[in-house]
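Reading the structure
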Amino acid sequence: MEIKQVIFLALMGCPNADGQSLALDESETSAEQPKSNEAVDSLKETSTEPNTRRPPSKGGRSSSKQHQLAVTAADHKAAHQVGGDCESVCRQAVARHQAEERERLLAGQPAERQERLKKRWREPVGLRRAEKVGKCEYRSYDDAAERLAKNDADLVVGHVDCFSYFPGSGRPPMGLHLARSSDTALGAHYADNAREEHASVYAFRQLRSQLASLGAPDALLKRCTQAAAEEVHHTRLMRQLALDEGCGVEPVDEPAPIHADRREIAVFNAMSGCVAESYAALVALWQSEHALDPKLRAVYAQIAQDELQHAQLSWDIYAWLKTTVGEAIQCEVDAALQSALDALPAQADHLCRPDLPLLGLPNAQEMQVLSQRFTEGVRSVLAA
Ligand SMILES: [Fe+2]
Ligand SMILES: [Fe+2]
């Protein structure tokens, strides 16, 4: 899969994009690239300047991740009314968490802002975020029956491990939940992006060690190392933008090692790499043309150039892993990929920021066209 071609074709098909001019120009990418691992480690030491650091966000929009959501007796009861399987319990729990999150975001906002937010959230609560696009697993507690018998709606009776993919700034590591800030200011947006980029540094370190344990070719391992160094650079670019807006950036802690087998690694790569990171590259390319500030366009051009390589790396890993597994796992990986593609058009809408035109993000209509064309392009190449 030559993902770059798919991305360029998707951009060229969007009515407001000038596809021809989206080829990256080296001269626009002024920033210097870090090369060493010292740079990776230095992120933690320098990332909280200046004194305007904000506390770690709780809740808010999230990047792709593995959620662990508490399931209450009320969730359980509602889910059983619509079938009671793992997926419906998951949907119910996510819907409630999302409703709580939205209530928190609305609290204290001026009425006009509340109306705008509600319009943005025009779809019924929970339906988009709770879409099952990977595996999710409901585990009820051993004493769930006793808890349910107490008839207390808020009593937690189990939890859902929900792998819910959501496109953000790039590839997340397995097992890390990053929440976006509820602050809608430009600086907070850059700070969220900086944290997501920082998480991607860990993602590529984790991926490298997972691939090494699976006996992947050296060339793939080296590309992971290179990608981690590039994510350090993206973190710095985004952090500087946040600092310029007076917003400090909380560093991201390295996630604890997580055990994953070959199948899980392949599924995660298909969803978070082949779909999410590839689409993030497309969006960065769009911004490199549409951001209102030339300096910002140069930053997105640099990021897009690297993200295209990372997207290609994901597809090359996808191809290699497929040669190492049996037919059943191949089918499972492809099903996860198709699910992520199915979910993309609805989920990409979360990336729109009509309140921050400076960023040059696609508007809702453009995002729909781009995500549809991207998914169609990927599907037609896969089918060829
Ligand atoms: Fe990145
Ligand atoms: Fe990346």
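Keep in mind that what you see is a predicted model, and the values were worked out from it rather than measured.

Once that is clear, we can look at the overall build of the protein chain. Check the secondary structure of the protein chain and you find twelve helices and three strands. Out of the 384 residues in the protein chain, the part that is buried amounts to 42%. Of the contacts made within the protein chain by residues no fewer than 6 positions apart, 82% connect residues no fewer than 24 positions apart.

So, about the packing of helix 8 (residues 218–244) against helix 10 (residues 294–322). Working note: a packed helix pair is described by the angle between its axes plus the distance between those axes. Interaxial distance between helix 8 and helix 10 falls to 10 Å at its minimum, and their mutual angle equals 155°. Classified by the angle between their axes, helix 8 and helix 10 sit roughly antiparallel to one another. In the crossing of helix 8 with helix 10, the sense of the turn from one axis to the other is left-handed. The residues of helix 10 that touch helix 8, namely those facing Leu220, Arg223, Ala227, Glu230, His234 and Leu237, are Val299, Gln302, Ile303, Asp306, His310, Leu313, Asp316, Ile317 and Trp320. When the residues that make up the contact of helix 8 with helix 10 are grouped by side-chain class, the tally is eight nonpolar, three polar and four charged.

Before going further, it helps to spend a moment on helix 7 (residues 186–213). Between the first and last C-alpha of helix 7 there are 41 Å, a value that for 28 residues agrees with the 40 Å anticipated at 1.5 Å per step. Burial runs high along helix 7: 23 of the 28 residues are buried. Just past helix 7, the residue Gly215 takes up positive phi, approximately 75°.

A separate point is helix 12 (residues 364–383). With 20 residues, helix 12 should reach 28 Å at 1.5 Å per residue; the first-to-last C-alpha distance of 28 Å fits that figure. Of the positions making up helix 12, those classed as buried are Met367, Leu370, Ser371, Arg373, Phe374, Thr375 and Val378. For helix 12, the elements touching its buried residues are helix 1 (3–12), helix 9 (262–290) and helix 11 (327–348).

All right, on to the environment of Leu221 then. Inspection of the secondary structure assignment puts Leu221 in helix 8. Classification of Leu221 by C-beta neighbours within 10 Å gives partly exposed; the count is 15. Spatially, the C-alpha atom of Leu221 lies 9.4 Å from that of Phe204, the residues being 17 residues apart in sequence. Setting aside its immediate chain neighbours within four residues, Leu221 contacts Arg208, Leu211, Ala212 and Ala216.

Turning next to the packing of helix 1 against helix 12. Put simply, helix 1 and helix 12 touch, their axes get as near as 9 Å, and they point 140° apart. On the basis of the axis angle, helix 1 is oblique to helix 12. The hand of the helix 1/helix 12 crossing is right-handed. Residues Val6, Ile7, Leu9 and Ala10 of helix 1 form the contact with helix 12, whose own contacting residues are Leu370, Arg373, Phe374, Gly377, Val378 and Val381. Grouping the constituent residues of the contact of helix 1 with helix 12 by class yields eight nonpolar, one polar and one charged.

Criteria and thresholds
Residues numbered from 1 in each chain as written. Chains lettered and ligands numbered in written order. Predicted model: local features only at pLDDT ≥ 70, side-chain atom pairs only at ≥ 80, totals over all residues. Helix = DSSP H or I, 4+ residues; strand = E, 2+ residues; numbered from the N terminus. Buried ≥ 20, exposed ≤ 12 C-beta atoms within 10 Å, placed from the backbone. Contact = placed C-beta atoms within 7 Å. Axes fitted to C-alpha atoms, helices over the stretch in contact; angles between N-to-C directions. Parallel < 35°, antiparallel > 145°, perpendicular 65-115°, else oblique. Left-handed = near helix turned anticlockwise from the far one by under 90°. Nonpolar A, V, L, I, M, F, W, Y, C, P; charged D, E, K, R; others polar. Expected span 1.5 Å × (residues − 1).

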